[in-house]
Amino acid sequence: MSTESPIAPTAPPLTKKALTADHPTWCPGCGDFAVLASFYKMLEKRQLPHQNIVTLAGIGCSSRFPYFVNSHGAHFIHGRAVPFASGVSLSRPDVHVFLFGGDGDGFSIGGNHLEHGARKNIRLTYVIMDNFVYGLTKKQTSPTSPIGYRSKTDPTGAIDQPVNPIKKLITAGATFVARSHATQVNHMIQMMERAHDHDGFSVVEILSECVEFFPGAFDAANPRKNGQFQIIEEKTWDGSAEDEARHDVTDEIAAYKLAGLPFPGLFGVFYDAARPTKNALEQKWINSSREKSRHASDLELLQASFDRIK
Ligand SMILES: Cc1ncc(C[n+]2csc(CCOP(=O)(O)OP(=O)(O)O)c2C)c(N)n1
Ligand code: SF4
Ligand SMILES: [Mg+2]
């Protein structure tokens, strides 16, 4: 006789307390604290089943993120988090993979993996905390450091053209690309929510100040420091004259052009387009293979393969 209770236990509400793991070890004032707080808030708002949340990261200050979230997770190898997250996403359709990391992790050592994750349109949400520097290793030039930035690797000032993250993501094939600022909590929550809703490779670049090695880097977009936080006005498709001038998030060329505005540029959703995910395409292929093999078990299929090569 079954000992299972016929009444399914109701899960307690997902709260910040339930989501909090270790106390963050970032420097006081680091922008990453606000990103973490926004992530907790977004999950609380969404009430995702706790057991379906996965937080992964590479290496860097920002990549310490999974230590601070009580969920399934891993702090992985520098620059290799996208392939790891892709494997989790493809093999576990029941979970949502949230990936975190920095500009060095994502655009330098992990740049190639980022490109392939994006073109394959793997279903996951990637939050890149861009501080324009390698924070953890104490101030080296990163791929997003502006020309002239003085660091331990460029003591006389950076000379290389920086990566434009939004342009790079659009051309790589990411199907959702947004940008936010760590001083704008409500905006970060909105962007994370939209990224989470998106069925595909969704990325939010968040300008997150490294107060230790690049203080003031993002003041130009911080209204509390006399900067301007300018948001992209998206088309509402209401047929009005004003709507003509608004941004069509499905227009790749328009998104690319917006991404080319001078620093600090605009914030919000640049690109949001529908394209089949690798998850869906692969599942189709798995289903048809299973039908062809008359739903043989994995062990039976493996045995049949061995028998063929005997
Ligand atoms: C294979 C490998 N190469 C280099 C390093 C050293 N390393 C650790 S983190 C890091 C860069 C971190 O910068 P970023 O990704 O921007 O994160 P931040 O610390 O700024 O948040 C580097 C070069 C490493 N851990 N592993
Ligand atoms: S070194 Fe910079 S990025 Fe790292 S925790 Fe400190 S302020 Fe944040
Ligand atoms: Mg960095």
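Everything numeric here is computed off the predicted structure, so don't read it as measured data. (Residues numbered from 1 in each chain as written. Chains lettered and ligands numbered in written order. Predicted model: local features only at pLDDT ≥ 70, side-chain atom pairs only at ≥ 80, totals over all residues. Heavy atoms only, no water.)

Some words on the layout of surface pockets
Here comes step 1: Quantified by volume, the largest pocket comes out at close to 410 Å³.
Here comes step 2: Val163, Asn164, Pro165, Ala259 and Phe263 are the residues nearest the centre of the largest pocket, which is lined by 21 residues in total.
Here comes step 3: If you list the elements that add at least two residues to the lining of the largest pocket, you get helix H6 (165-172) and helix H9 (252-259).
Here comes step 4: Residue composition of the lining of the largest pocket, by class: 14 nonpolar, five polar and two charged. (1 Å grid on protein atoms, 1.4 Å probe; cavity = no way out; pocket = protein on both sides within 12 Å on 5 of 7 lines; lining within 4 Å. Points joined across faces, edges and corners; volume = space filled by probe spheres on them. Helix = DSSP H or I, 4+ residues; strand = E, 2+ residues; numbered from the N terminus. Nonpolar A, V, L, I, M, F, W, Y, C, P; charged D, E, K, R; others polar.)

Points about the coordination of the magnesium ion (ligand 3)
Here comes step 1: Binding of the magnesium ion (ligand 3) to the protein goes through Asp103 (OD), Asn131 (OD1) and Val133 (O), at separations of 2.1 Å.
Here comes step 2: All donor residues of the magnesium ion (ligand 3) come from one chain, and their arrangement in sequence is D-x27-N-x1-V. Pair check on accessibility: Asn131 and Val133 agree, each one buried. (Donors = N, O, S within 2.8 Å, 3.2 Å for Na, K, Ca; no water. Buried < 20%, exposed > 50% of the residue type's maximum accessible area, 1.4 Å probe, protein only.)

Side note on the environment of Gly173
Here comes step 1: Secondary-structure assignment places Gly173 in the loop between H6 and strand S7 (176-181).
Here comes step 2: Judged by relative accessible area, Gly173 falls into the buried class, the value being 17%.
Here comes step 3: Beyond its immediate stretch of four places on either side in the chain, Gly173 contacts Ala118 and Arg275. (Contact = heavy atoms within 4.5 Å.)

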